[in-house]
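# Observations on chain architecture
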Amino acid sequence: MVKHLAEEIVIEILRKLPAKSLIRFTTVCKSWNSVIKSSNFIATHLHTHHSPHQILLFPSSYIATAKPYHSLHFDLSNPNHPIQRLIPLRFPFDSGDCFRLVGSCNGLYCLSNTRYPFFVWNPSIDKYFFLPQPSLIPQTKLRVYFLFGFGFDCRMNDYKALRMVSYCSQYDVEKVFHVEIEVYSFNGNSWRTISHLASEKFRANDQIVVSVYANGGLHWIARDQRRRTAVIVFDVGKEVFREIMLPVSLVNAHALELFVMGFREKTIAVVYRDLFCLYESHIWVMKEYGVAESWVKVITVGKPSLGMPFVKGFTNNEKVVVEFGKQIVLVDLKSQQIETLVDENTVEFSSVDAIVESLVLLDE
């Protein structure tokens, strides 16, 4: 009984440790190695580590492996001794190629380029693997639009990647001739075509669009032929599509002025930048996921003296990360107080993601 209790205590202690420490502890003894690499421990550890004081900075949309990712660690709770550390992360391999982030979930990051179609990386444990070649290879003179996504099917304990290819007129991008869709399953290690579910209204409104994972679905902004804008959702588990209506004031906004982001994992936010008023960004949050009436405008970010605001993402404690020129700031959604994270930023980045300590892939 004492031995069993001691083992439970040890496991509870291990659950609270960061991923990099646990990797080292797998060499302590066989029993610890077995515990740490078990699927049950990996799942419970995932839901324990959500630091509000760490974000991952992703470089510009296409980044060469020579340009490092950066982890920004900060703690501004003590104004007399603020902690702000920008730490470079080593890319998992050096190929000289450029990669685009196409999705993130549970501490995993899915990236792609033309040479290596997809690979998944967990920087917490420095492990990655390549996905098989997709089956849909566009060979056409039509204009091609791509949409990507990456998420988790909690019912089947399966990670999935989404790839949508839309074929449009060279002369009228609103005219869609054909849409093809395929899904990759980690459990099956293969791509499946689900083009029978395709619809013209699902297509992305830019040549390359990355969807956002939240509450079991992949989300992106789309505009139908009636020029009505909405959020399209792909349910990762059920593999079906649906729409979420935007706030009434945004339904007729141009899709290129809108960006959807994950918020607190369970819901979404929409950022609106009026092309005629670039010094303001308006943020709406869906308080009750899936309920269109629950959209609430939470803040307008803008300070002309700092320059144009670029909303990059959210931290785990509901603060928004905004870039003003070379300055990176945190804006509290409730108090609207602005805190400076980086005063003279020298790192070019396009988006941020709240860091999730994760052991996912350790048992692969």
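This text gives an overview of the structure that appears in the document. (Residues numbered from 1 in each chain as written. Predicted model: local features only at pLDDT ≥ 70, side-chain atom pairs only at ≥ 80, totals over all residues. Heavy atoms only, no water.)

## Description of the side chain of K319
Looking at the secondary structure, you find K319 in strand β23 (residues 319-324). Looking at K319, the relative accessible area reads 16%, which means it is buried. Polar contacts involving the side chain of K319 include one to the side chain of E339, which spans 3.0 Å. Leave out the neighbours within four places in its chain, and K319 touches G313, F314, L330, V331, D332 and E339. (Helix = DSSP H or I, 4+ residues; strand = E, 2+ residues; numbered from the N terminus. Buried < 20%, exposed > 50% of the residue type's maximum accessible area, 1.4 Å probe, protein only. Polar contact = N/O pair within 3.5 Å; in protein donor to acceptor, adjacent residues only side chain to side chain. Contact = heavy atoms within 4.5 Å.)

## Some words on the sheet that holds β23
Ordered by their spatial adjacency, 4 strands build an open sheet running β22-β23-β24-β25, and the pairing between neighbours is antiparallel. Looking at strand neighbours, the two that pair on one side only are β22 (309-314) and β25 (338-342), the edges of this open sheet. Sheet twist, expressed as the mean angle between neighbouring strand axes with direction ignored, is 30°. With 5 bridges joining them, β22 and β23 adopt antiparallel strand pairing. Across the sheet, the residue bridging to G313 is V321, located in β23. (Pairing = 2+ DSSP bridges. Axes fitted to C-alpha atoms, helices over the stretch in contact; angles between N-to-C directions.)

## Description of unusual backbone geometry
A positive phi angle is found at N189, which is not glycine, with a value near 50°. Mapping N189 onto the fold places it in the loop between β11 (176-185) and β12 (190-193). Taking relative accessible area as the criterion, N189 reaches 45% and is therefore assigned partly exposed. In the Ramachandran plot, Q336 falls in the positive-phi region, its phi being about 65° despite a non-glycine side chain. In this fold, Q336 is placed in the loop between β24 (327-332) and β25. Residue classification places Q336 among the partly exposed residues on the basis of a relative accessible area of 48%.

## Here we look at the nonpolar core
Core analysis: the biggest nonpolar cluster contains 27 residues, and V120, F150, Y159 and L359 have the highest contact counts within it. Among the secondary structure elements, those contributing two or more residues to this core are α2 (19-25), α3 (30-36), α4 (39-46), β5 (98-105), β6 (108-112), β9 (143-153) and β10 (158-168). Top contributing element to this core by residue count: β9, with 3 residues. Among residues more than four places away in sequence, those in contact with Y159 are C105, N106, L108, F150, G151, F152, Y184, S185, F186 and V360. (Core = buried A, V, L, I, M, F, W, Y, C linked by side-chain atoms within 4.5 Å.)

## Here we look at the pairing of strand β7 (residues 119-122)
In regular strands, side chains alternate between the two faces of the sheet. Because side chains alternate across β7, one face comprises the buried residues F119 and W121, and the other comprises V120 and N122, equally buried. The sheet contact formed by β6 and β7 spans 3 bridges and is antiparallel. Bridging from a neighbouring strand, C110 pairs with V120 of β7. Inspection of the sheet shows β7 paired to strand β8 (residues 127-130) by 4 bridges, in the antiparallel sense. Bridge pairing in β8 places F119 opposite F130. Taking the residues that link successive antiparallel strands as the turn, the β7-β8 hairpin has 4 residues, and the phi of D126 there is positive, at about 55°.

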